[in-house]
Each structure stands twice: as C-alpha cells, then as structure tokens.
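# Notes for the structure review
Each chain, letter by letter, is given below.
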Amino acid sequence: MEARSIWERMMRIDRRILYVILAVNIIAALMARVAIEPDVPPPVKRFYDTVEALQPGDMVMVSSTWSAGTLAENQPQFEAVLKHLMRKRVRFTIISFAPPARDISHRLARRIAEENGYVEGKDWAHFGYTPDIIIAIKGMSEDIAQTIRQDVRRTPIAELEVMRGIKSLKDYKLVVDVTPSDTLGNWISYRPPDLKILYCPTSVMAAEAYTFLDSGQILGMITGAKGAYEYERLLGIVGLGTRFINAIQFSHVLIIFFILLGNFGMLMQRRASAS
Amino acid sequence: MDWLNEFLPTSTERLNVWIGVICTFAIYSILYRENPFYRFFEHMYIGLAAGYALGPYLVDVLYRYWWEPIRIEGAWGLVFVVPFGMYLYFIYSERYGWISRIVIGALIGAYSGLAFQMFSSRYLPQLHGALTKPLWFPPNATGEIFLSNIFNNWIFLIILISVMVYFTFSFEHRGAVKRTAILGRWFLMIGLGAMFGNTVMARMALLIGRVYYLLDSWLMIRVGGG
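Please read these numbers as outputs of a predicted model, since none were measured by experiment. (Residues numbered from 1 in each chain as written. Chains lettered and ligands numbered in written order. Predicted model: local features only at pLDDT ≥ 70, side-chain atom pairs only at ≥ 80, totals over all residues.)

## Overview of the overall build of chain A
In terms of regular secondary structure, chain A is built from eleven helices and six strands. Expressed along its principal axes, the backbone C-alpha trace of chain A runs to roughly 80 × 35 × 35 Å. When the 275 residues of chain A are sorted by exposure, 46% land in the buried category. Relative to all contacts within chain A whose residues are 6 or more apart in sequence, the contacts with residues 24 or more apart total 69%. (Helix = DSSP H or I, 4+ residues; strand = E, 2+ residues; numbered from the N terminus. Buried ≥ 20, exposed ≤ 12 C-beta atoms within 10 Å, placed from the backbone. Contact = placed C-beta atoms within 7 Å.)

Below you can see the structure in the form of structure tokens.
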C-alpha cells in the first residue's frame, strides 16, 4: 500500500473529528472566564444613543418576529433592548408578525418586566400575532385600536392603560425591529415618516442593512449575538451576548485556522503531485 | 446528591429541559450519520411547527378579526370575507378554477399599489444619499473625521460605478470598460465574502446557543460571563 503524505492525510480528515474539535472549543470557550473588551462599532453606539435620548413615558414599538430557530442571535438582542427601555422607564408595546414569535417574546418580556417592576397592561403590552405586516403597519399608522383590536390577553387596546394618549404609530417615538427575516423593508416603507427605526437582525441579514444605515433610514443596528454583547457592555450588564462572545470569537479563530490549513494542505498536495 | 436531585426530570420544568436535550441530541445526530432517530425528530419538529402556527391563526386572526367583530359589534358584512378568501381553493378545480382568479386578482391589485409606495419610500432616500455624498471639502468643512468621510465616499463611488459596469450587458466589455467590470467583480466578491462571514457567525451563534442550553439548563453549569 502506497504511503500517504501528511498533506494527503490532512485532506482526508474525517469531518466528524472537526465537529468534535469545534464542540470542545465551544465548551472550553463558554467555560472560560476571559473578558474581551469590545471596540463598539458606530451602528451599535448610535442605537444606544437613540434609546438613551428617550424620555420617561415615551412610547416604543418592539417588532419581534423571531422564534426558536434564531433564539441564540435574537434573544440576547431582545433582552438587552427591553432592559434598556425599562431602565429609561419608557412605555413599550410588542407585536409579532410570525405565529411562533408571539409566545416566545411574550414569555421573555413577562420575565424581564417582573424583574424590572413593569406591569403588563400598565407599562407595556403585547399585541400578539398579526398576519400581514404591511396592512398592520398602514392600519396602525392611522388607528391602533381599530387595527389590532386586542392585546395577547384579549384586553381591548383602547382599555389598556399603557395606550393612554396613544392613537396611532405617529404617537410613538421609535420602532425596534428584532427579526431574522425581511421585515425591516416594510417598516421603512409604510411607517409614518417621523417614526425612527432601530434594527436588530441576525448576522446573516446585517450586511444588507448597511445601505439603510448609510441613507439614514435606520438610525442604529445591533448585529446578532456579537452586537448584543457590544450593547450589553454599553449598558454595563451581563446578558446572553456576554456569555456567548468568547465562544463566538474562539470558534471563529478555529474555523479560520481550519480554512487556512485546508487551503495550505490542498496547495501542498497539488505541488507534490505536480512534481 | 442535591445536584442529582435537581438534575433528574422530577418536575415539569426539568422534564421540559430533558425533552429539549433529547431533541437537541437527536437533531445533531445527523452530524455522525443519517439515522432514523434524526428522521423521526426532524419530521416531528416540522409537524409541531405547522401545528403550532395553527393556534395563532385561529386565535389571533380568525377569532380576533372575524368572529368577534361579527359576534360583538354585529359587523355582519364580514361573514362574506372568509368564504371570499376560500375561493382560492377553487384553483384545484378545472371547472371552477376561474373563481380563484377573482381573489388572486384582488390581491395582486392591492399589492401592486403598495409596491409603488414601497419603491418611493425605500429606494429614493438611498438614491438621494448616494447622489449627494460630498467628494471634496465643502467650504465650511473642518476636522479629521470629515477627511475619512471624503475617503469613504470616494470608495463608495468607485464601487458603485464599477459594479454597475459589471452588470451592464448592453455592449461588449472591452478595454477600460472590461477592466472596470473586473474591478467591480472583485468588489462584489469582497462584499459577498463579508456576507458569508456574517452567515458563518450566525450559524456558529446558533450552535453556541444549543451548547449553552446543554451546559446551563441541562447540566446546570453556570458558564460564560466575559
């Protein structure tokens, strides 16, 4: 049997071995108590500054259209944003445009609200699932009570204390879109013109949003779990973003190492076979 | 011993965690090899997702927007809305298929109108932003940051033009046009590479989320913290 060179052997590594190395790397990084100071990028800083500029009692809409599939990316963002809103003592309402997004955001918001002394119906409300985002935004821009009718607990919108003095989206200060899908375009297109937008996409969606940042159509952006970590640092809290960041960084280093090693091995193998 | 008591599925909360763990291991077992355990949980997950969506559709849509307005407000005109929507199902009939086109036509008409509004509010500000970027120092400009803005704006302009040239197929690319198009292709590759990097980051975060769940919720090891 012909002896294989080290490069040939490297090109034939069982992918399951790489999976195990990746898993061990993630576990080790999650357990590590190493703090990496982030260089907070301008979109995250602008996001923070926009929320920071809110006054107590201002109204914010949180559009939460994520579910279990992107929990690791969107949950850290969602939690960090809600904590910041509650710290600023602003009122907020949550709306979901995907069926599974309703319960997950309601459950999380209830937990965070209890921790921060917020009362559902008085300080915040969840509008539940609404089927068509365009119709919903256009309707809410005119009359929220007529468009949404009831919150998730079946209380008529007009009877909610949190909605006092609020008729439509024109009375809101800003909307925060936490989503793994293309809901941002609809918020940009159909919202009242003065309503500011902040964006929390998954990392996959972030690259496409830079055009909106550049044109000023959105004011700030938190990119995935990494962005949530940067935001948590600005807030001075330890959330899921902070817990994930070491594993994110170290798994990236490992993957870059694998890519370099694979390419190097392929080049060396080619050179060997050419000679 | 206390840890073991807390660890075992002796309460509803712990039972939920254990079910989550079994589902996680079942789905990740595909990484080892194709197996019936994975297949069963994959189908169960898809079925659950579809079934779960049915609840909000019934409660948040049909009940909230259709049944209650009829029952409480007496909006009897809405009685015809659901049958009208169900005309869509005539698409499966050769004889009555034309009825479904009435609903499809109404939907296309409505969304065509909305698309006009979408274009003006989504793309015009971007066009305006792209065309009004300063490429040199205006008279009142000062500061180092502004210099970096000018530099960025030039890069933006070069990328914009070269990528647009790359996608211009009305004439053959030759000479300077060809070189510009090649430059545009390189810029596109860099952009797509950045997007792919972000995609890898997202997928990694999802994996990390699951590992975190196993360590924190299942094994009750307090991890991370930066």
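## Quick look at the environment of Ile222(A)
Residues and elements named next belong to chain A. Mapped onto the fold, Ile222 is located in the loop between β6 (220-221) and α10 (224-235). With 31 C-beta atoms counted inside 10 Å, the residue Ile222 sits in the buried group. A C-alpha to C-alpha distance of 5.4 Å links Ile222 and Val44, two positions 178 residues apart in sequence. Residues within four places of Ile222 in sequence aside, it is in contact with Val44, Phe47, Gln77, Cys200, Gly227, Ala228 and Tyr231.

## Looking at the sheet that holds strand β5 (residues 196-201) of chain A
Residues and elements named next belong to chain A. The parallel open sheet is built from six strands, whose spatial order is β3-β2-β1-β4-β5-β6. Strands at the two margins of the open sheet, each flanked by one partner only, are β3 (124-129) and β6. Bridge count for strand β1 (residues 59-64) against strand β2 (residues 91-96) is five bridges, and the pairing is parallel. Looking at β2, one finds that Met61 is bridged to Thr93. Against the sheet, helix α5 (residues 99-115) contacts β1, β2 and β3, and its axis sits at roughly 165 degrees relative to β3. (Pairing = 2+ DSSP bridges. Axes fitted to C-alpha atoms, helices over the stretch in contact; angles between N-to-C directions.)

## Some words on the pairing of β2(A)
All names here are of chain A. The buried fraction of β2 is high, at six of six residues. Side chains of β2 alternate between two faces, with Arg91, Thr93 and Ile95 and Phe92, Ile94 and Ser96 buried alike. Across four bridges, β2 lies against β3 in parallel orientation. Residue pairing in the sheet places Ile94 in a bridge with His126 of β3. With α5 bridging β2 and its parallel neighbour β3, the resulting β-α-β unit is right-handed. (Right-handed = clockwise from strand over helix to strand, strands pointing away.)

## Digging into the domain arrangement of chain A
Taken domain by domain, chain A holds domain 1 (6-31 + 249-274) and domain 2 (42-238). Summarising the inter-unit geometry, the C-alpha centres of domain 1 of chain A and domain 2 of chain A are found 40 Å apart. (Domains from an automatic or database assignment.)

## As for the packing of helix α4 (residues 71-87) of chain A against α5(A)
Residues and elements named next belong to chain A. In the contact formed by α4 and α5, the axes pass within 10 Å of each other and the chain directions differ by 40 degrees. In terms of axis orientation, α4 runs oblique to α5. Helix-helix and strand crossings are classified by hand; for α4 and α5 the assignment is right-handed. Of α5, the residues touching α4 (which contributes Gln75, Phe78, Glu79, Leu82 and Lys83) are Ser105, Leu108, Ala109 and Ile112. A class-by-class count of the residues in the contact of α4 with α5 yields five nonpolar, two polar and two charged. (Parallel < 35°, antiparallel > 145°, perpendicular 65-115°, else oblique. Left-handed = near helix turned anticlockwise from the far one by under 90°. Nonpolar A, V, L, I, M, F, W, Y, C, P; charged D, E, K, R; others polar.)

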